[in-house]
Amino acid sequence: MKTRFSTLDIMCVVNEIQKYKGMRLQRVYDIDHKTYLFKFQLNNEKCVLLLESGVRLHVTNYEWTKNEAPSSFSMKLRKHLSNKRLEKLTQMGFDRIIDLQFGVGEAAYHVILELYDKGNIILADKDYIMINILRPHTEDEKQKFFVKEVYPNSRPKNRLNPPTEDSLIQILKTAKPSTNLKKFIFSNFPNCLDYGNCLLEHMLISGGFPTNTRIGIEFNIDTDIQKLMNCFCIAEKFLDNITTLKEGFIIQKIDQQLLPDGIIKELCTNQEYHPFLFAQHQKLPSKTYESFNEAVDEFYSNLESQKYDVKCMQQEKGAVRKLQNIVKDHEERLKKLQDTQDEHKFKAELITNNLDLVDNTIQFVRQAVAKQLHWDEIWDMIRQLNFEDDGCTYAIVKNLKLSVNHITLQLFDPYNEENQNEENSQLIDIDLGQSAFGNAERYYGSKKQSAIKEKKTIDSSSTVLKMAEKKTKQTLKDMQVVASINKVRKTYWFEKFYWFISSENYLVIAGRDAHQNEVIVKRYMKSSDVYVHAGFSGATTVIIKNPINQPVPPATLNEAAVMAISYSVSWTMKINLQNAFWVKPEQVSKTAPTGEYLTTGSFMIRGKKNYLPATHLILGLSFLFKLEDSSISRHANERKVKGIEYEGLDNIEENNDEFENIPSENDSDEDLEKNIETQNKETPCAVNDDGESLEVKTNNKHSEDEEEEEERRRKEEELRSNNETSKNVIGVTSIPNCNDTCKSVKQSDAVSSDSDDDDIELDDVNDLDKKNESNKPQILKRGQRGKLKRIKEKYKDQDEDEREMRIKLLQSSMNEDKKLKRAKKKDKKNKKSTDKNKAAGNKKIIIKPLPMLLEAPNDTIQFEVQKEPLKKSEDNENSEDDETDKPTDLTETHMLDSLTGVPYPEDELLFAVPVVAPYTALTNYKYKLKLTPGNTKRGKASKTCLNLFLKDKTSTTREKNLMRSVNVQDIARNIPNGVKLSAPSLSKVLNK
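Calculation notes
Residues numbered from 1 in each chain as written. Predicted model: local features only at pLDDT ≥ 70, side-chain atom pairs only at ≥ 80, totals over all residues. Heavy atoms only, no water. Helix = DSSP H or I, 4+ residues; strand = E, 2+ residues; numbered from the N terminus. Contact = heavy atoms within 4.5 Å. Areas by Shrake-Rupley, 256 points an atom, 1.4 Å probe, with all protein chains shown as cover. Salt bridge = Lys/Arg side-chain N within 4 Å of Asp/Glu carboxyl O. Buried < 20%, exposed > 50% of the residue type's maximum accessible area, 1.4 Å probe, protein only. Axes fitted to C-alpha atoms, helices over the stretch in contact; angles between N-to-C directions. Parallel < 35°, antiparallel > 145°, perpendicular 65-115°, else oblique. Left-handed = near helix turned anticlockwise from the far one by under 90°. Nonpolar A, V, L, I, M, F, W, Y, C, P; charged D, E, K, R; others polar. Polar contact = N/O pair within 3.5 Å; in protein donor to acceptor, adjacent residues only side chain to side chain. Core = buried A, V, L, I, M, F, W, Y, C linked by side-chain atoms within 4.5 Å. Pairing = 2+ DSSP bridges. Patch = residues over 30% accessible without salt bridge, like charges linked within 9 Å, V, L, I, M, F, W, Y side chains within 5 Å. Phe/Tyr/Trp six-rings, centres within 6.5 Å; stacked < 30°, edge-to-face > 60°. Lys NZ or Arg CZ within 6 Å of the ring centre and 35° of its normal.

Asks: Is there a simple way to think about the overall build of the chain in this case?
Replies: Tallying secondary structure elements over the chain gives 26 helices and 31 strands in all. In the chain, once contacts between residues fewer than 6 apart in sequence are set aside, the share between residues at least 24 apart is 70%. Carbon together with sulfur atoms contributes 49% to the accessible area of the chain, which is approximately 54000 Å² in total.

And the structure:
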């Protein structure tokens with residue numbers, strides 16, 4: 001099978017890719033350590049160029065699985081090449097080296113792809129000074145391939161001229177007789193290395209020399225030299241016209257397999273790809289494509305699936321071979337029984353025909369033994385007996401087996417004088433305890449026993465063979481089912497993490513290690529999701545995906561807490577009743593406090609933490625079944641919110657911008673203050689289908705405690721409002737003294753400490769003491785202390801009256817700016833709500849307005865630590881354009897609905913997915929096995945689980961086939977190490 005590009009392939013593919021020159025490079029991705037994708041775009045036209053070091057270069061139309069995080073080499077390519085045009089794409093010399101130039105002039109960069117030996121990809125600047133190298137190395141102690149070294153111009157080889165007739169004759173005369181012509185030419189003429197094996201064989205066949213032509217036998221140097229020169233002319237002409245080739249070809253191989261039912265199964269596999277159908281491939285099966293690039297793309301994209309098909313066929317051949325071995329063994333056993341019968345019958349007949357000889361010999365040996373002679377003396381007597389004539393005839397004794405009371409005699413057929421020689425004699429064991437007739441009867445009895453065994457074997461053979469054939473057919477059928485399932489099987493994006501679907505249809509994911517913890521937060525966590533953590537080092541990060549943007553129900557939060565606790569040291573140490581907490585995504589940050597740093601997978605939690613009830617370490621193992629689209633409707637609302645009924649939920653428009661202004665009981669003070677500030681900027685209103693404003697009724701009934709709480713919040717908002725005003729008037733207002741400022745900061749921090757506004761770092765970074773945190777003053781950001789000193793120095797001569805006057809003037813101008821901004825935002829929101837109302841029909845929005853704020857005083861300044869939102873790092877955007885890796889809310893919800901744990905007999909099931917989840921989430925599942933901390937390894941646990949489910953009497957054949965097709969490793973990968981299994985009838989499975 002062809003594994004890499006030849007020089008001819010490079011010439012063709014470089015010629016075809018010229019049409020993509022001028023396109024801009026948008027992004028570089030890496031599939032593995034040596035395969036990279038270059039994504040180009042020009043207006044609405046896009047293309048993806050695939051580069052594999054040492055193997056290939058072509059434009060691909062298939063989706064390739066990218067690495068979760070780009071490599072350092074990819075990042076280097078992105079840094080220097082992003083948004084640059086592909087200016088040139090050339091083959092360097094006549095070698096397997098390709099030069100891709102991006103940009104022009106001083107901003108030009110070169111990507112050099114080497115497609116021979118171990119291969120290499122090199123990034124160089126305009127002067128070919130190497131900036132980055134995929135495989136740094138040294139060749140011949142002279143050529144160094146390291147950063148800042150110049151790429152050698154002498155490295156690419158040039159095209160060589162064909163040999164002359166004189167040099168050809170001179171070299172051919174050095175060949176040994178019977179040497180293969182093709183091998184000799186390939187190894188002795190350098191230009192044939194440029195041709196490649198395929199073109200060399202093509203030119204010889206086209207010139208009249210078969211592949212097996214031998215020098216001195218089929219090839220005569222004196223008479224055939226002109227024909228050989230003509231072959232070189234054919235090759236040179238082919239190279240000159242190679243740019244005119246338009247099509248591509250894949251050479252195939254057909255394997256046939258005879259199945260037990262007599263059907264011949266064929267498997268067509270791709271073997272080679274070429275830009276031309278060479279002479280040696282004319283009679284082989286092939287497939288034609290419109291371009292060589294398309295043929296190469298098809299060849300490599302189907303390579304993995306083809307390997308799987310070949311593996312399946314090998315397994316089928318193994319099953320058929322096993323059946324053939326059973327049949328062959330049965331036939332050999334019958335033949336052996338028949339041979340035994342014939343042999344015993346012949347021996348019995350020889351004894352019967354030589355009764356006197358056998359009896360005399362038996363009597364002689366008995367007498368010698370009775371005299372208690374030594375065995376050597378008896379053997380000497382027997383040798384003399386063969387030559388002495390005492391009036392009696394004896395059989396020839398070949399061996400004494402006195403230990404078992406046997407002797408071995410050499411007997412002939414006395415009625416056939418032609419067979420009286422050594423070759424036609426028969427050695428027969430004779431029992432000294434029986435007469436000659438008794439020994440004959442013994443052999444006749446053995447023949448009879450063999451005949452009985454043969455009859456029994458023949459009688460049972462039909463049943464055994466039928467069972468073996470039936471088992472083989474079933475095995476082949478199962479293999480075909482598994483193969484078809486695995487071809488349909490779609491690997492979901494979340495399967496690379498720990499995951500489960502909650503009992504209320506929320507997808508919950510968790511990282512397997514620190515790197516995955518980083519990925520799921522930076523790449524997959526959205527503003528509507530929920531972050532859950534166990535609260536101690538070594539625990540995993542859990543994210544509850546919330547596509548519907550509604551509050552996550554308590555049951556799902558508790559199940560996520562079980563997951564967070566289970567995938568931690570608590571499982572290994574068997575510690576139950578641990579508490580986890582949840583926070584909102586905006587409370588999760590990768591920004592560490594000043595002087596500290598965060599390791600991979602660690603985050604800062606800022607604000608109020610919502611602790612969940614203590615949980616037990618109880619997980620479950622089960623299977624989810626993928627439903628065909630027509631069967632999804634039968635499982636509507638299979639997983640839904642329990643215990644809470646949302647009245648009129650279907651009649652409420654999902655306007656996230658307006659619902660964000662509604663405070664919940666679980667909101668922290670900080671969140672509430674943000675909602676109040678937003679409420680002041682824009683008063684919400686409901687709009688009907690006609691666009692008319694509706695009155696919003698407000699219920700102002702509050703208890704005394706609620707009024708006190710509201711008053712406290714108003715004061716806090718006044719403090720924050722004054723802080724914002726002070727920041728905006730820097731350069732105008734004055735600060736009396738530093739002590740006053742520090743006091744105001746402490747006062748504001750004391751107020752905010754009531755809301756649990758502490759900073760917590762998870763994983764590998766020590767937790768901060770909550771009590772100490774609430775008593776400490778709020779830490780100022782870098783540069784804020786210097787600003788305070790400069791403000792103090794600048795406005796030290798300003799009195800209180802002047803300061804108040806300047807603040808009022810500034811507030812009036814700020815209010816005007818705010819009104820303009822508020823009007824613009826209001827127009828946008830009204831337009832958005834109008835569009836949504838038109839699409840939603842007669843839906844109404846009921847929103848409760850928040851109480852209005854009091855005007856903030858101007859005598860207090862508060863400096864608040866800015867909380868940076870968690871930004872999406874470019875380092876983890878390796879698949880940002882891949883829709884399968886970044887699912888939308890709608891596709892995610894539809895995907896969850898198509899997976900069921902309770903399949904119906906009439907459902908059309910496509911494949912099965914193993915899942916490990918909190919046991920409460922698997923309550924309604926058809927197949928489930930309880931997992932608690934124990935000593936059973938996960939590999940054994942997964943096999944036991946599969947055996948238990950397959951023996952379920954209620955399971956259908958399709959369900960068994962789907963579960964059987966799942967790899968045991970896929971079942972075990974999500975099971976914590978060290979488990980105890982619990983399920984009904986589990987002891988019966990373990991005992992068997």
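Next comes the rest of the account.
Asks: Would you explain the pattern of salt bridges in this entry?
Replies: Side chains that differ in charge, positive against negative, can pair when their charged atoms come close. Scanning the entire structure with this criterion turns up 19 salt bridges. Of the charged contacts, one joins arginine 56 and glutamate 52 as a salt bridge, the two residues approaching to 2.6 Å between their closest N and O atoms. Comparing arginine 56 with glutamate 52, the two get one shared label, buried. The network of salt bridges with common partners includes Glu106, Lys126 and Asp127.

Asks: What's the story with the packing of helix α3 (residues 165-172) against helix α6 (residues 221-240) in this structure? I'm lost.
Replies: Any two packed helices are characterised by the angle at which their axes cross and by the distance between the axes. Packing of α3 against α6 brings their axes to within 10 Å, and their N-to-C directions diverge by 125°. One finds that α3 runs oblique with respect to α6. Helix-helix and strand crossings are classified by hand; for α3 and α6 the assignment is right-handed. Contacts between α3 and α6 pair Glu165, Leu168, Ile169 and Leu172 from the former with Ile221, Ile225, Gln226, Leu228, Met229 and Phe232 from the latter. Counted by class, the contact of α3 with α6 contains eight nonpolar, one polar and one charged residues.

Asks: What should I look at first to understand the side chain of serine 568 in this one?
Replies: Relative to the elements of secondary structure, serine 568 occurs in the loop between α13 (554-566) and α14 (569-573). Serine 568 sits in the buried class, given a relative accessible area of 10%. In this structure the side chain of serine 568 is engaged in a polar contact, spanning 2.4 Å, whose partner is the backbone oxygen of isoleucine 565.

Asks: Whenever I open this one, the nonpolar core confuses me. Can you help?
Replies: Soluble globular proteins: nonpolar side chains tend toward being buried together. Ranked by internal contacts, the top residues of the largest apolar core, which has 82 residues, are Trp499, Ile509, Tyr531, Val532, Ile544, Phe623 and Leu931. Setting aside chain neighbours within four positions, we find leucine 931 in contact with Trp571, Leu617, Ile618, Leu619, Gly620, Leu621, Val916, Ile975, Val979, Lys980 and Leu981.

Asks: Looking at this structure, I do not really get the sheet that holds strand β25 (residues 610-611). What am I missing?
Replies: One key point about sheets: their strands pair by backbone hydrogen bonds, in either a parallel or an antiparallel sense. Read across the open sheet, the six strands follow the order β18-β19-β21-β20-β22-β25; overall the sheet is antiparallel. In this open sheet, the two strands that pair with only one neighbour each are β18 (498-501) and β25. When β18 meets strand β19 (residues 507-510), the two strands line up antiparallel, connected through four bridges. In the strand pairing of β19, phenylalanine 500 is matched with valine 508. Sitting on the sheet, helix α12 (residues 514-524) touches β19, β20 (530-533) and β21 (542-544), and the angle it makes with β19 is about 135°. Relative to the sheet, α13 contacts β18, β19, β20, β21 and β22 (581-583), its axis offset from that of β21 by approximately 160°.

Asks: Is there a simple way to explain the sheet that holds strand β13 (residues 264-274) in this structure?
Replies: Read from one edge of the open sheet, three strands run β13-β12-β14, paired in antiparallel fashion. The open sheet has two free edges, formed respectively by β13 and β14 (286-289), since each of these has just one partner strand. Going across the sheet, the axis of each strand differs from the next one's by a mean of 30°, ignoring polarity. Pairing of strand β12 (residues 248-258) with β13 involves 10 bridges; the strand directions are antiparallel. Each bridged residue has a counterpart across the sheet, and for aspartate 255 the counterpart in β13 is leucine 267.

Asks: Please clarify how a nonpolar patch on the surface should be interpreted in this entry.
Replies: Together, Val569, Met573 and Ile575 make up an exposed nonpolar region whose accessible area comes to about 260 Å². Along the polypeptide, valine 569 turns up in helix α14.

Asks: Can you walk me through the side chain of glutamate 504 in this structure?
Replies: When you line up the elements, glutamate 504 lands in the loop between β18 and β19. Within polar-contact distance, the side chain of glutamate 504 engages the side chain of threonine 556 at 2.5 Å.

Asks: Help me understand helix α2 (residues 72-81) in this model?
Replies: Count 3.6 residues to each turn of an α-helix, and residues three or four apart come out pointing the same way. Within the span of α2, buried status applies to Phe73, Ser74, Leu77, Arg78, His80 and Leu81. Those residues of α2 that are buried lie in contact with β1 (24-32), β2 (35-42), β6 (97-102), β7 (109-114), β8 (120-125) and β9 (130-133). In the segment just after α2, asparagine 83 is the residue with positive phi, at about 65°.

Asks: Honestly, the environment of isoleucine 509 in this entry has me stumped. Any pointers?
Replies: Relative to the elements of secondary structure, isoleucine 509 occurs in strand β19. In this structure isoleucine 509 comes out as buried when scored by relative accessible area, which is 0%. Considering only alpha carbons, one finds isoleucine 509 and phenylalanine 494, 15 residues apart in sequence, at a separation of 6.9 Å. Once residues lying within four places of it in the same chain are set aside, the contact partners of isoleucine 509 are Trp493, Phe494, Phe497, Tyr498, Trp499, Ile520, Tyr524, Thr541, Val542 and Ile543.

Asks: Teacher, can you tell me more about the packing of aromatic side chains here?
Replies: For any pair of aromatic rings, geometry is given as the distance between the ring centres together with the angle between the planes. For the structure on display, the rule yields 28 aromatic pairs. Taking 5.6 Å as the distance between ring centres and 80° as the angle between the ring planes, the aromatic pair formed by tryptophan 493 and phenylalanine 494 counts as edge-to-face. Exposure class is identical for tryptophan 493 and phenylalanine 494. Each is buried. Among the aromatic residues, ring-to-ring pairing joins Tyr492, Trp493, Phe494, Phe497, Trp499, Tyr524 and Phe911 into one connected group. Here the basic side chain of arginine 56 rests over the ring of tyrosine 300, its NZ or CZ set 4.2 Å away from the ring centre. Positioned over the ring face of phenylalanine 209 is lysine 227, at 4.9 Å from the centre of the ring.

From the geometry alone we can't say anything about function, so treat these as descriptive.
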